[in-house]
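Here is how the chains run, residue by residue.
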Protein chains: 2
Amino acid sequence: MHKDDANLDELDLRILERYQHDTLLPARTIGEEVGLSTAAVQRRLKRLREVGVIRREVAELAPKAVGLPITCVVAVDLDQERTADLERFKQRMQGLPEVQQCYYVTGQADFILIVLVASMEAYDAFTQRALLTDANVRSFTTSVALERVKTGVAVALPPAPPR
Amino acid sequence: MHKDDANLDELDLRILERYQHDTLLPARTIGEEVGLSTAAVQRRLKRLREVGVIRREVAELAPKAVGLPITCVVAVDLDQERTADLERFKQRMQGLPEVQQCYYVTGQADFILIVLVASMEAYDAFTQRALLTDANVRSFTTSVALERVKTGVAVALPPAPPR
DNA sequence: CATGAAACACACTCCCG
DNA sequence: CGGGAGTGTGTTTCATG
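Residues numbered from 1 in each chain as written. Chains lettered and ligands numbered in written order. Predicted model: local features only at pLDDT ≥ 70, side-chain atom pairs only at ≥ 80, totals over all residues. Heavy atoms only, no water.

### Overview of the protein's contact with DNA strand C
Close contacts around DNA strand C come from Leu36, Ser37, Ala39, Ala40, Arg43 and Arg44 of chain A together with Pro26, Ala27, Ala39, Gln42 and Lys46 of chain B, and that covers them all. Between DNA strand C and Arg43 of chain A, the relevant distance is 3.1 Å, taken from a base nitrogen to a side-chain nitrogen or oxygen of the residue. Elements represented by at least two residues in the surface near DNA strand C include exactly helix H3 (38-50) of chain A together with helix H3 (38-50) of chain B. Counting residues per element, the surface near DNA strand C draws most heavily on H3 of chain A, at four residues. Of the residues belonging to the surface near DNA strand C, the class tally is six nonpolar, two polar and three charged. (Near = heavy atom within 4 Å. Polar contact = N/O pair within 3.5 Å; in protein donor to acceptor, adjacent residues only side chain to side chain. Helix = DSSP H or I, 4+ residues; strand = E, 2+ residues; numbered from the N terminus. Nonpolar A, V, L, I, M, F, W, Y, C, P; charged D, E, K, R; others polar.)

### Examining the packing of helix H2 (residues 27-34) of chain B against H3 of chain B
Residues and elements named next belong to chain B. Taken N-terminus to C-terminus, the directions of H2 and H3 make an angle of 105°; their axes are 8 Å apart at the nearest point. The orientation of H2 with respect to H3, classified from their angle, is roughly perpendicular. Residues Ala27, Arg28, Ile30 and Gly31 of H2 form the contact with H3, whose own contacting residues are Thr38, Val41 and Gln42. Here the contact of H2 with H3 is composed, by residue class, of three nonpolar, three polar and one charged. (Axes fitted to C-alpha atoms, helices over the stretch in contact; angles between N-to-C directions. Parallel < 35°, antiparallel > 145°, perpendicular 65-115°, else oblique. Contact = heavy atoms within 4.5 Å.)

### A short note on the protein's contact with DNA strand D
Around DNA strand D sit Pro26, Ala27, Ala39, Gln42, Arg43 and Lys46 of chain A together with Leu36, Ser37, Ala39, Ala40, Arg43 and Arg44 of chain B, and that is every residue in its neighbourhood. Considering DNA strand D, the proportion of its atoms within 4 Å of the protein that are sugar or phosphate atoms stands at 63%. Between DNA strand D and Ala27 of chain A, the relevant distance is 3.2 Å, taken from a phosphate oxygen to a main-chain nitrogen or oxygen of the residue. Note that a phosphate oxygen of DNA strand D is positioned 3.1 Å from one of the side-chain N or O atoms of Gln42 of chain A. Secondary-structure elements contributing two or more residues to the surface near DNA strand D are H3 of chain A together with H3 of chain B. Its residues placed into classes, the surface near DNA strand D shows six nonpolar, two polar and four charged.

### Let's talk about helix H1 (residues 10-19) of chain A
Looking at H1 of chain A, one finds that the buried residues are Asp12, Leu13, Ile15, Leu16 and Tyr19 of chain A. Mapping the buried residues of H1 of chain A onto a view down its axis gives an arc of 160°, with all of them on the same face. Residues of H1 of chain A that are buried sit in contact with helix H2 (27-34), H3 and strand E1 (54-61) of chain A together with strand E1 (54-61) of chain B. The N-terminus of H1 of chain A is capped by Asp9 of chain A, whose side-chain oxygen sits 3.2 Å from the backbone nitrogen of Leu11 of chain A. (Buried < 20%, exposed > 50% of the residue type's maximum accessible area, 1.4 Å probe, protein only. Arc of directions from axis to C-beta.)

### Brief notes about the relation of the copies chain A and chain B
Superposition record for chain A on chain B: RMSD 0.1 Å, screw rotation 180°, translation along axis 0.0 Å. Expressed as an axis order, the relation between the two copies is that of a two-fold axis. Ranked by how close their C-alpha atoms come to the rotation axis, the residues of chain A are headed by Val58 of chain A, at 2.7 Å. Comparing contact sets, 100% of the residues at the interface of chain A also lie at the interface in chain B, consistent with an isologous, same-surface contact. (Least-squares fit on C-alpha atoms with pLDDT ≥ 70 in both.)

### Here's the deal with the domain arrangement of chain A
For chain A, the assigned domains are domain 1 (1-60) and domain 2 (63-144). Between the C-alpha centres of domain 1 of chain A and domain 2 of chain A the distance comes to 33 Å. (Domains from an automatic or database assignment.)

### Describing the pairing of E1 of chain A
Within E1 of chain A, six of the eight residues are buried, which leaves the element mostly enclosed by the surrounding structure. Examined bridge by bridge, E1 of chain A and E1 of chain B share seven bridges and lie antiparallel to one another. Pairing of Glu57 of chain A across the sheet is with Ala59 of chain B, part of E1 of chain B. (Pairing = 2+ DSSP bridges.)

### A short note on the sheet that holds strand E5 (residues 137-150) of chain A
Reading around the circumference, E2(A)-E4(A)-E3(A)-E5(B)-E2(B)-E4(B)-E3(B)-E5(A) is the order of the eight strands in this closed barrel, with antiparallel pairing throughout. Averaged over neighbouring strand pairs, the angle between their axes works out to 35° when direction is ignored. Relative to strand E4 (residues 111-117) of chain A, strand E3 (residues 99-105) of chain A is paired through five bridges, and the arrangement is antiparallel. Across the sheet, residue Val99 of chain A finds its bridge partner in E4 of chain A, namely Val115 of chain A. Sitting on the sheet, helix H4 (residues 83-95) of chain A touches strand E2 (70-78), E3, E4 and E5 of chain A together with strand E5 (137-150) of chain B, and the angle it makes with E5 of chain B is about 90°. Together, E2, E3, E4 and E5 of chain A form the strand contacts of helix H5 (residues 120-132) of chain A, whose direction differs from that of E5 of chain A by roughly 145°.

### With respect to H3 of chain B
Residues and elements named next belong to chain B. Between its first and last C-alpha, H3 extends 18 Å over 13 residues, near the 18 Å set by a 1.5 Å rise per residue. Where H3 is concerned, the buried positions are Ala40, Val41, Leu45 and Leu48. Projection of H3 onto a plane perpendicular to its axis shows the buried side chains occupying an angular sector of 135°, all on one side. Turned more than 90 degrees away from the buried face of H3, the exposed residues are Arg43, Lys46 and Glu50. In the core, the buried residues of H3 are packed alongside helix H1 (10-19), H2 and E1. Looking one or two places after H3, you find Gly52, whose phi comes out positive at around 90°. (Expected span 1.5 Å × (residues − 1).)

### Re the nonpolar core
Counting residues in hydrophobic clusters, the biggest one holds 62 residues, and the most contacted among them are Leu16 and Val66 of chain A together with Leu16 and Val66 of chain B. Setting aside its immediate chain neighbours within four residues, Leu16 of chain B contacts Leu61 and Val66 of chain A together with Leu8, Leu48, Val53, Ile54 and Leu157 of chain B. (Core = buried A, V, L, I, M, F, W, Y, C linked by side-chain atoms within 4.5 Å.)

Here it is as structure tokens:
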């Protein structure tokens, strides 16, 4: 698993900059902008997928439109923080569909979760099933999102990489 | 702006369930799985885009691979919380490339940010430019992500919608 | 070794039944 | 909605620098 710096040249970055925001964009269009042929652009995209720079191409859905209008940010504090305990918790989070994102972090809390649910009742059920019944969860605090100001997986690429 | 419940039938949901995780998947394949023709699947996808259920199709990049190995979760507490102040802060966040996500939330903090940076120096520079110099930012706390356990924008669709 | 041009295969679009 | 013809895109091959 080698997800670290695959030496990307400036062309790769310029391609990614356009492509990551809209994968429906024809390679031909990208090629025109960066000064490359269609084939060259696609070869590079294929390589970027293979080396893991592009993890996957996904569709971003509007949570409200699919019946999940509520977003919660949850800070979880664990009791035991041995490796095995952490690993177990991580795997539990991976398997929970409500957990859209999960970060293992420094600071007061051990984990930060982004949770999407259909209703507060559903959130309550989630906390019961996922947190309250876990003996190793010492405590957690919930922040309900009043607005999703900015979302997505888009990444800010360096404007001028090494030359 | 009508991003609310576009009445989705079970077929739509099953299509989305597959498509949202991999937009490269041929409509033909999806059609086989849900029992629909290629054309029907594409018609539905087009409609789902038009009504805003599908917000956009994006490529998820590996942050490390593009030189942004550090993820921080930042809880920001504002001083003045009048509408104008909130709006100004939101728009600032929208414009900052390091801010990958931003939620306006209830609870102790006013905003939760997911910030991606190349180094701790870059993070320090970010806090200076984005937070410390903002007179309306009362305080903020940073949690550095030791691991991105679960990421992405994938959403858990209801397993068995109305029949 | 990466590129560009062309041939090829495949996926999407549109129209009709 | 399904099926087909037409179009556009992605893929492969090959010759070139």
